[in-house]
2 protein chains.
Amino acid sequence: MRWIGIDPGLRTTGFGVIDVDGQKLTYVASGTIESGDPAKGLPERLGTLYAGVKEVLETYLPEAAAIEEVFLNVNPRSTLMLGQARGAVIAALVSENLSVAEYSALRVKQSIVGTGRATKPQVQEMVKRLLRLSRAPGTDAADALGVAICAAHHAQVPKVTTTVLASKKRSRSLS
Amino acid sequence: MRWIGIDPGLRTTGFGVIDVDGQKLTYVASGTIESGDPAKGLPERLGTLYAGVKEVLETYLPEAAAIEEVFLNVNPRSTLMLGQARGAVIAALVSENLSVAEYSALRVKQSIVGTGRATKPQVQEMVKRLLRLSRAPGTDAADALGVAICAAHHAQVPKVTTTVLASKKRSRSLS
């Protein structure tokens, strides 16, 4: 199963692609998409993010996607900008028929480092170790790989449980 | 020149399509796109908005787009939700290679009714008159048609000026 993780941002959106086979995680690719000159209009910058994500999807063909939930910035204008970037990125993901799981930064850190209070360098270091990389990825790419790893962990047990419950419910309502 | 105007919202996004020939405005279509059951996840709802806008674009083939700027809600969570909806809608527009102009609700009201303090029924009534409709469109569709009309008005003089200035600058830097 190939996962893409996304750490959305208006200026820089991080992405990370991993292959998951049982407990085994294999690094595929990671990097950042830049929306370019802030002097350009917002629609053009969102278009650059959208096209960048589409290109990554067409290159690495992930089968599922996970994206970091955004926190509410103290500055409402920043919240609005980040929201729009996240909306454009999710549009790119769903336009390729990917299901999109959402995880908070807290859950990602708990899943990767073991504590929600983990620092960025700690996340980078653990991502490096878990994927057996020769050096730590940049912060945005590490966060994105972290989301992918978190999603891969969570998708294993709970998804099966949900399916079982759903089919039980369905058969009950049919009887 | 065919314009599409958009009034973005997570629950309901309004759209309005008009043809502009000099001062003459002709109504083409308008309506709303619903993101569906709020119990569905946000990515799925954004996907519904994105697909809905794409369908409208493929049906009516507008040549330019204009979208209402969103105001900062007092509730930061609402701002974030609205931002994501707007990002997904803009992604759909730019994915069809449309340039996207942005207008504040204030400018739209000034352009349509003559005052930024215009009420929603006043906007609906003026949109009905300007487009010679037999009855007023719903509020979301009227707002979207208002954005399209505002964009058509503003696009006439200023766009030419910008082009002239840009080509002057270019020739200066080449000499």
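Refer to the structure above for everything that follows.
The model shown is predicted, which means the values in this text are computed figures rather than measured ones.

Caption draft 1: Broad picture of the overall build of chain A. Within chain A one finds five helices and five strands. Here chain A, with 175 residues, has 46% of them falling under the buried criterion.

Caption draft 2: Seen up close, the interface of chain B and chain A. Contacts between chain B and chain A engage 22 residues on the former and 22 residues on the latter. Looking at the side of chain B facing chain A, the largest losses of area belong to P43, L72 and L80 of chain B, adding up to 27% of the total buried there. At the surface where chain B touches chain A, the tally comes to zero salt bridges. Inspection of the chain B/chain A interface yields five residue pairs in polar contact (both at pLDDT 80 or more). Contributing elements (two or more residues each) for the side of chain B that touches chain A: α1 (42-60), α2 (76-95) and β5 (100-103) of chain B. Considering every element that reaches the side of chain B that touches chain A, the biggest residue donor is α2 of chain B, with 13 residues. Among the residues forming the side of chain B that touches chain A, the class breakdown is 13 nonpolar, six polar and three charged.

Caption draft 3: Representation of the nonpolar core within the structure. Ranked by size, the top nonpolar core spans 50 residues in total, and within it I4 and L93 of chain A together with I4 and L93 of chain B carry the most contacts. Ignoring anything within four residues of it in the chain, the contact list for L93 of chain A reads I4, I6, V53, L57, A65, L98 and V100 of chain A.

Caption draft 4: Quick look at the sheet that holds strand β5 (residues 100-103) of chain A. Residues and elements named next belong to chain A. Within the open sheet, the five strands sit side by side as β3-β2-β1-β4-β5. Their pairing is mixed. A strand with exactly one partner marks an edge of an open sheet, and here the two such strands are β3 (24-34) and β5. Across the sheet, the mean angle separating the axes of adjacent strands is 20 degrees when strand polarity is ignored.

Caption draft 5: Geometry of the environment of M81 of chain B. All names here are of chain B. Considering the arrangement of structural elements, one finds M81 in helix α2. Here the alpha-carbon distance between M81 and E96, two residues 15 residues apart in the chain, equals 24 Å. Those residues in contact with M81 that sit more than four places away from it in its chain are L10 and L42.

Caption draft 6: Main features of the packing of helix α1 (residues 42-60) of chain A against helix α2 (residues 76-95) of chain A. Residue and element names in this part refer to chain A. Between α1 and α2, the shortest axis-to-axis distance is 9 Å and the interhelical angle comes to 35 degrees. Crossing angle aside, the handedness with which α1 passes α2 is right-handed. Mapping the contact onto sequence places L42, L46, L49, Y50, V53, K54 and L57 in α1 and M81, Q84, A85, A88, V89, A91, A92, L93 and S95 in α2.

Caption draft 7: Quick peek at the relation of the copies chain B and chain A. Here chain B sits on chain A after a turn of 180 degrees about the axis and a move of 0.0 Å along it, with an RMSD of 0.0 Å. Within this description, the copies of the chain are treated as partners about a two-fold rotation axis.

Caption draft 8: Expanded view of the pairing of strand β3 (residues 24-34) of chain B. Residues and elements named next belong to chain B. Two elements, strand β2 (residues 12-21) and β3, share ten bridges in a ladder whose sense is antiparallel. When the sheet's bridge partners are listed, D19 is paired in β3 with T26. Counted between consecutive antiparallel strands, the loop separating β2 from β3 contains two residues, among which G22 sits at a positive phi close to 60 degrees.

Caption draft 9: Layout of the packing of aromatic side chains. Tallied over the entire structure, the rule returns one aromatic pair over all chains. Ring geometry for Y50 of chain A and Y50 of chain B: centres 6.0 Å apart, planes at 35 degrees, overall tilted. Residue Y50 of chain A is located in helix α1, and its partner Y50 of chain B is located in helix α1; the two belong to separate chains. The buried category is assigned to Y50 of chain B, whose relative accessible area is 6%.

Caption draft 10: Expanded view of unusual backbone geometry. In this model, R132 of chain A sits at a positive phi of 50 degrees, which is unusual for a non-glycine residue. Despite not being glycine, L61 of chain B has its phi angle at roughly 45 degrees, a positive value. Accessibility expressed as a relative area gives 60% for L61 of chain B, which makes it exposed.

Caption draft 11: Region of interest: the side chain of K54 of chain B. As for its position among the elements, K54 of chain B is in helix α1. Those residues within four positions of K54 of chain B in sequence are excluded, and the remaining contacts are A92, S95 and E96 of chain B.

Caption draft 12: Seen up close, helix α4 (residues 120-130) of chain A. Residue and element names in this part refer to chain A. Along α4, the positions that sit buried rather than exposed are V123, Q124 and V127. End-on view of α4: buried residues confined to an arc of 100 degrees, all on one side of the axis. Exposed side chains of α4 directed beyond 90 degrees from the buried face belong to P121 and R129. Of the residues flanking the end of α4, it is R132, one or two places downstream, whose phi is positive at about 50 degrees.

Caption draft 13: Focus on the pairing of strand β4 (residues 64-68) of chain A. Residues and elements named next belong to chain A. The buried fraction of β4 amounts to five of the five residues, a majority that puts the element mostly inside the structure. Burial of the side chains of β4 extends over both faces: A64, A66 and E68 are buried on one face and A65 and I67 on the other. Relative to β4, strand β1 (residues 2-7) is paired through four bridges, and the arrangement is parallel. By the bridge assignment for β4, I4 is matched with A65. Inspection of the sheet shows β4 paired to β5 by four bridges, in the parallel sense. Along β5, the bridge assignment pairs A65 with V100. Crossover handedness for the path β4 to α2 to β5: right-handed.

Criteria and cut-off values
Residues numbered from 1 in each chain as written. Chains lettered and ligands numbered in written order. Predicted model: local features only at pLDDT ≥ 70, side-chain atom pairs only at ≥ 80, totals over all residues. Heavy atoms only, no water. Helix = DSSP H or I, 4+ residues; strand = E, 2+ residues; numbered from the N terminus. Buried < 20%, exposed > 50% of the residue type's maximum accessible area, 1.4 Å probe, protein only. Contact = heavy atoms within 4.5 Å. Buried area = accessible area lost by both parts, 1.4 Å probe. Salt bridge = Lys/Arg side-chain N within 4 Å of Asp/Glu carboxyl O. Polar contact = N/O pair within 3.5 Å; in protein donor to acceptor, adjacent residues only side chain to side chain. Nonpolar A, V, L, I, M, F, W, Y, C, P; charged D, E, K, R; others polar. Core = buried A, V, L, I, M, F, W, Y, C linked by side-chain atoms within 4.5 Å. Pairing = 2+ DSSP bridges. Axes fitted to C-alpha atoms, helices over the stretch in contact; angles between N-to-C directions. Left-handed = near helix turned anticlockwise from the far one by under 90°. Least-squares fit on C-alpha atoms with pLDDT ≥ 70 in both. Phe/Tyr/Trp six-rings, centres within 6.5 Å; stacked < 30°, edge-to-face > 60°. Arc of directions from axis to C-beta. Right-handed = clockwise from strand over helix to strand, strands pointing away.

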